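Chains, contacts and geometry: an overview
What follows is each chain in one-letter form.
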Amino acid sequence: MVRVSLPDDHPHRHQLNDEAHARPFEPMGTPSRITYIAFYTDWSLDERDWRPLADLAERFEALPPRPGANHYFADFGRFRLKWERHTEFTRYTIIAPGAGEDPFADPAVNMLPKDWLENLPGELLVATHAALVHPGDIPNETDTLAARFFNGNVLLGSQIGDGEAVALTDFRIHGDRFGRLLVINRGLSERRAGRMMQRLFEIDTYRLLALMALPIARRQLPTLRALEQDLINITFEMETAAQEDEPKLLDRLTRLQGGIEKGHASSAYRFSAAEAYYQLVNARIEELREQRYPGVQHLREFTERRLAPAVATCRAVAERQDSLSVRAARATQLLSTRVDIDRQAQNQLLLETMSRRAKLQLRLQQTVEGLSVAAITYYVVGLVGYAAKAAEKAGAPINPDVATGLAIPVVILIAAGVIQRVRRKLVGDDADHD
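Summarised in this report is the structure supplied together with it.

Comments concerning helix α6 (residues 213–240)
For α6, with 28 residues, the first-to-last C-alpha span of 41 Å sits near the 40 Å given by 1.5 Å per residue. The sharpest bend along α6 comes to roughly 35°, located at L221, with the proline P222 sitting one to four residues further on. Among all positions in α6, only A213, L214, I216, A217, Q220, L224, L227, E228, L231, I234 and M238 are buried.

The structure is reproduced here in structure tokens:
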């Protein structure tokens with residue numbers, strides 16, 4: 001085959017391509033016992049995730065996971081283990097062959113060392129014992145199955161895979177802290193059985209992850225009601241508020257917005273995650289290709305009755321938060337506009353006052369200039385008179401009174417001209433400086 005030269009690969013080409021093959025379904029033979037455990041782990045992928053697997057692999061002399069891996073599978077002889085790391089949870093699937101008369105009497109998790117299991121990181125979110133059995137190995141009646149394997153609880157389930165299997169559960173946590181899932185295989189291959197089992201486990205996991213937003217929504221409802229009432233009160237007070245009260249109202253609105261944004265920031269991610277997980281639950285149920293099984297409520301109906309209202313509550317709280325934030329911002333903008341208009345009016349009055357003061361100052365300055373001209377003229381003319389009298393006594397033909405009188409207009413013109421020139425120079429220098 002001729003090798004074709006191509007440009008360099010995108011840095012993430014192989015990673016993106018391999019994503020389609022990541023976390024493959026694990027084939028499961030019939031009969032089998034499966035234990036599924038999911039831990040809530042809201043930290044970034046680090047040594048806490050894969051280190052326990054490396055320790056387990058060392059105990060059983062198996063190939064350990066590579067550091068930084070987000071999925072791992074190993075055959076430990078008596079059982080197989082599949083591990084996967086997701087954004088918010090880590091899940092373990094333990095698979096052991098055989099079932100016996102009571103498939104839940106000796107679950108697959110018993111194959112793991114007890115001390116290793118107790119030290120797994122995270123908070124337990126889902127723990128389920130599952131059994132994959134042939135139709136002839138168990139009774140056909142649902143009441144008998146409920147009494148024998150589910151402590152008499154009401155069963156839920158359906159035919160899955162276009163009727164090639166039946167999945168039954170009670171969605172209860174039993175005394176051993178595990179739930180139970182029974183799958184009767186009528187004709188699924190090992191690979192299809194593995195896919196169906198994983199989808200059933202994921203439905204339970206994503207269901208609980210979606211419901212994690214419900215306690216947050218319930219806690220925020222009283223706070224939202226109080227914030228809405230505060231906004232109503234402030235809005236009513238704005239209609240009759242005096243000008244001096246507006247800054248106080250604006251401060252209250254600012255604090256109100258801070259409370260709204262605090263609640264929004266603390267719940268926005270959880271509410272959006274609930275929506276995403278809810279969509280995943282619906283997608284996994286769709287992939288089961290359910291058909292009704294006589295005498296039991298099927299999975300979609302149970303999910304819609306229990307999960308959909310919870311997600312709707314979270315959605316309603318998120319929408320109320322958004323609406324309250326918009327209304328508070330609108331009220332703040334309106335009140336800010338009123339405050340700005342009042343400030344502009346105050347600034348206009350201040351400018352008018354400054355203008356009047358400037359005119360008065362100009363008049364006062366003109367008056368002072370006139371007095372200055374008169375004072376200068378008085379002193380200069382007096383000097384001229386003394387000089388004329390001295391000249392007359394010295395024999396000069398000068399009449400002191402005439403000389404003094406004639407000097408007055410001349411001195412006035414000169415003094416006025418000098419003062420105006422100085423004023424023009426000062427004004428020009430000030431304008432150049434500005």
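Still more to cover.
Here's the deal with the side chain of R91
With respect to the element layout, R91 can be found in strand β4 (residues 89–97). Apart from the residues lying within four places of it in its own chain, the contact partners of R91 are Y36, I37, A38, K82, W83, E84, H86, Q198 and E202.

Focus on unusual backbone geometry
Residue P31 is bonded to the preceding T30 through a cis peptide linkage, with omega at 5°. With respect to the secondary-structure elements, P31 resides in the loop between α1 (13–19) and β1 (32–40). Phi is positive for F171, close to 50°, though the residue is something other than glycine. Structurally, the position occupied by F171 is in the loop between β7 (165–169) and β8 (179–185). Even without glycine at this site, R177 takes up a positive phi of about 75°.

Some words on the sheet that holds β1
Ordered by their spatial adjacency, 8 strands build an open sheet running β2-β3-β4-β1-β5-β8-β7-β6, and the pairing between neighbours is mixed. Both outer strands of the open sheet, β2 (71–75) and β6 (156–160), are each paired with one neighbouring strand and no more. Within the sheet, the average angular offset between the axes of one strand and its neighbour, ignoring direction, is 15°. Examined bridge by bridge, β1 and β4 share 9 bridges and lie antiparallel to one another. In the strand pairing of β4, F39 is matched with T90. Helix α5 (residues 190–211) contacts β1, β3 (80–85), β4, β5 (123–133), β6, β7 and β8 of the sheet and is inclined by roughly 150° relative to β5.

Side note on empty space enclosed by the protein
Taken as a whole, this structure holds 1 cavity of 30 Å³ or more when the rule is applied. One number sums up the size of the largest cavity: a volume of about 50 Å³. Looking at the largest cavity, the residues that line it are M28, Y36, K82, E84, R91, T93, Q198 and F201. Residue assignment for the lining of the largest cavity shows that the elements contributing at least two residues are β3, β4 and α5. When grouped by side-chain class, the residues that make up the lining of the largest cavity number 3 nonpolar, 2 polar and 3 charged.

A closer look at the side chain of T35
Tracing the chain through its elements places T35 in strand β1. The buried category is assigned to T35, whose relative accessible area is 0%. In this structure the side chain of T35 is engaged in a polar contact, spanning 3.1 Å, whose partner is the backbone nitrogen of V109. Separated by 3.1 Å, the side chains of T35 and H129 make a polar contact. When near neighbours in sequence (up to four residues on either side) are disregarded, T35 contacts Y92, T93, I94, P107, A108, V109, T128, H129 and F178.

Quick notes on helix α2 (residues 47–59)
End to end, α2 covers 18 Å across 13 residues, agreeing with the expected 18 Å (1.5 Å per residue, within 8%). Along α2, the positions that sit buried rather than exposed are D49, W50, P52, L53, A54, L56 and A57. Where α2 is buried, its residues contact β2, β3, β4 and α3 (114–118). Positive backbone phi, at 55°, marks E61, one or two positions downstream of α2.

Comments concerning the packing of aromatic side chains
Tallied over the entire structure, the rule returns 11 aromatic pairs. Between F39 and Y92 the ring centres are 5.9 Å apart and the planes differ by 85°, which places this aromatic pair in the edge-to-face class. Placement of F39 in strand β1 and of Y92 in strand β4 is noted, with a sequence separation of 53 residues between them. For Y92, a relative accessible area of 2% translates into the label buried.

Side note on the packing of α5 against α6
Direction vectors running N to C along α5 and α6 enclose 15°, while the axes themselves pass 5 Å from each other. Here α5 is positioned roughly parallel relative to α6, judged by the angle of their axes. Contacts from L209, A210 and L211 in α5 reach A213, L214 and P215 in α6. Here the residues of the contact of α5 with α6 are counted per class, giving 6 nonpolar, no polar and no charged.

About the criteria used
- Residues numbered from 1 in each chain as written.
- Predicted model: local features only at pLDDT ≥ 70, side-chain atom pairs only at ≥ 80, totals over all residues.
- Heavy atoms only, no water.
- Helix = DSSP H or I, 4+ residues; strand = E, 2+ residues; numbered from the N terminus.
- Expected span 1.5 Å × (residues − 1).
- Bend = angle between axes of the 7 residues up to and from the residue.
- Buried < 20%, exposed > 50% of the residue type's maximum accessible area, 1.4 Å probe, protein only.
- Contact = heavy atoms within 4.5 Å.
- Pairing = 2+ DSSP bridges.
- Axes fitted to C-alpha atoms, helices over the stretch in contact; angles between N-to-C directions.
- 1 Å grid on protein atoms, 1.4 Å probe; cavity = no way out; pocket = protein on both sides within 12 Å on 5 of 7 lines; lining within 4 Å.
- Points joined across faces, edges and corners; volume = space filled by probe spheres on them.
- Nonpolar A, V, L, I, M, F, W, Y, C, P; charged D, E, K, R; others polar.
- Polar contact = N/O pair within 3.5 Å; in protein donor to acceptor, adjacent residues only side chain to side chain.
- Phe/Tyr/Trp six-rings, centres within 6.5 Å; stacked < 30°, edge-to-face > 60°.
- Parallel < 35°, antiparallel > 145°, perpendicular 65-115°, else oblique.

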